[in-house]
Amino acid sequence: MNYLRYAGVFVGVAVGVALLVMGLNRWTDAGLGSSAQLLAPAMIAAVIEGRCFARTAARKPTGTEAWRFALMATGLAVMLNLLLSYAATRLMPEFAKLTIAPFASQQFVMLLALYGLGYLLSNRFFVGLGAGNELARKG
């Protein structure tokens, strides 16, 4: 699996969704945005990795391969989420909504653990889904 591609897709989707939400909020004078913004980049990136894996290996990843990917991708997703939510808020105020709590507070640690679990389960499920869809498409 290609973790650089995963990171690129993750960041691209995160930035794209943030821009879309910012534009819609300005256009409709609304307050759109949700916690789904946090999981969608990981879901899409994992589907793409699953599809690419199936193209090159002509099979679905084994359970061990899928869990290894999920663990590595989860660590990457958590780091990217922290980078986007705390460091990138100056560039894009929309990312401030991702800031879950004051850094290193008890709430921060608990919420980060919950998001990490969400990333882990999403990465594991969607890498297999992407591979299965690619293999079914090829028939």
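Details of the structure are given in the entry above.
On a predicted model such as this, the values are computed, not experimentally measured, just so you know.

Rules used in this analysis
- Residues numbered from 1 in each chain as written.
- Predicted model: local features only at pLDDT ≥ 70, side-chain atom pairs only at ≥ 80, totals over all residues.
- Heavy atoms only, no water.
- Core = buried A, V, L, I, M, F, W, Y, C linked by side-chain atoms within 4.5 Å.
- Buried < 20%, exposed > 50% of the residue type's maximum accessible area, 1.4 Å probe, protein only.
- Helix = DSSP H or I, 4+ residues; strand = E, 2+ residues; numbered from the N terminus.
- Contact = heavy atoms within 4.5 Å.
- Axes fitted to C-alpha atoms, helices over the stretch in contact; angles between N-to-C directions.
- Parallel < 35°, antiparallel > 145°, perpendicular 65-115°, else oblique.
- Left-handed = near helix turned anticlockwise from the far one by under 90°.
- Nonpolar A, V, L, I, M, F, W, Y, C, P; charged D, E, K, R; others polar.
- Expected span 1.5 Å × (residues − 1).
- Polar contact = N/O pair within 3.5 Å; in protein donor to acceptor, adjacent residues only side chain to side chain.
- Salt bridge = Lys/Arg side-chain N within 4 Å of Asp/Glu carboxyl O.
- Patch = residues over 30% accessible without salt bridge, like charges linked within 9 Å, V, L, I, M, F, W, Y side chains within 5 Å.
- Areas by Shrake-Rupley, 256 points an atom, 1.4 Å probe, with all protein chains shown as cover.
- Phe/Tyr/Trp six-rings, centres within 6.5 Å; stacked < 30°, edge-to-face > 60°.

### Describing the nonpolar core
Most often, soluble globular proteins keep nonpolar side chains buried together rather than apart.
Here's step 1: Of all hydrophobic cores here, the largest spans 24 residues; its most connected members are Tyr6, Phe10, Phe69 and Tyr119.
Here's step 2: Among the secondary structure elements, those contributing two or more residues to this core are helix H1 (3-28), helix H2 (36-57), helix H3 (63-87) and helix H4 (106-138).
Here's step 3: It is H3 that contributes the most residues to this core, 8 residues altogether.
Here's step 4: Beyond its immediate sequence surroundings of up to four residues, Phe10 is in contact with Pro41, Ala42, Ala45, Ala77, Leu80, Asn81, Leu84 and Tyr119.

### Some thoughts on the packing of H3 against H4
Here's step 1: Close contact between H3 and H4 brings their axes to 8 Å; oriented N to C, the two are set at 135°. Classed by the angle they form, the pair H3 and H4 counts as oblique. The handedness of the crossing between H3 and H4 is right-handed.
Here's step 2: For the contact of H3 with H4, a count of residues per class yields 15 nonpolar, 5 polar and 1 charged.

### Some words on H1
Here's step 1: Across its 26 residues, H1 extends 37 Å between first and last C-alpha, which sits within 8% of the 38 Å expected from 1.5 Å per residue.
Here's step 2: Along H1, the residues classified as buried are Tyr6, Ala7, Val9, Phe10, Val13, Ala14, Ala18, Val21, Met22 and Asn25.
Here's step 3: One side-chain oxygen of the residue at the start of H1 lies 3.0 Å from the amide nitrogen of Leu4, identifying that residue as Asn2.
Here's step 4: Directly after H1, the chain includes Asp29, whose backbone phi takes a positive value near 55°.

### Topic: the pattern of salt bridges
Here's step 1: For the coordinates displayed, the defined rule picks out 5 salt bridges.
Here's step 2: A salt bridge links Glu49 to Arg5; the nearest nitrogen and oxygen atoms lie 2.5 Å apart. Residue Glu49 is located in helix H2, and its partner Arg5 is located in helix H1; the two are separated by 44 residues in the primary sequence.
Here's step 3: Among the salt bridges present, the one from Glu134 reaches Arg137, with a minimum N-O distance of 3.0 Å. Taken together, the residues Glu134 and Arg137, both in helix H4 and 3 residues apart, mark about one turn of the helix.
Here's step 4: Each member of the salt-bridge network shares a partner with another, and the members are Arg51, Arg55, Glu134 and Arg137.

### With respect to the environment of Pro102
Here's step 1: Inspection of the secondary structure assignment puts Pro102 in the loop between H3 and H4.
Here's step 2: Residue Pro102 is classed as exposed on the basis of its relative accessible area of 56%.
Here's step 3: In sequence terms Pro102 and Tyr86 are 16 residues apart; their C-alpha atoms lie 9.8 Å from each other.
Here's step 4: For Pro102, the residues in contact, after removing those within four places along its chain, are Tyr86 and Phe108.

### Thoughts on a nonpolar patch on the surface
Here's step 1: On the surface, Leu20, Leu24 and Trp27 cluster together to form a nonpolar patch covering roughly 370 Å² of accessible area.
Here's step 2: Among the secondary structure elements, Trp27 is positioned in helix H1.
Here's step 3: By relative accessible area, Trp27 is classed as exposed at 73%.

### Quick word on the packing of aromatic side chains
Here's step 1: Under the defined criterion, the tally for this structure stands at 5 aromatic pairs.
Here's step 2: Between Phe10 and Tyr119, the aromatic rings sit 6.0 Å apart at their centres with planes inclined by 65°, giving edge-to-face as the arrangement. Taken as a pair, Phe10 in helix H1 and Tyr119 in helix H4 lie far apart in primary sequence, 109 residues in all. Neither residue differs from the other here; Phe10 and Tyr119 are each classed as buried.
Here's step 3: Seen from their ring centres, Phe125 and Phe126 are 5.0 Å apart, and the 85° between their planes marks the pair as edge-to-face.

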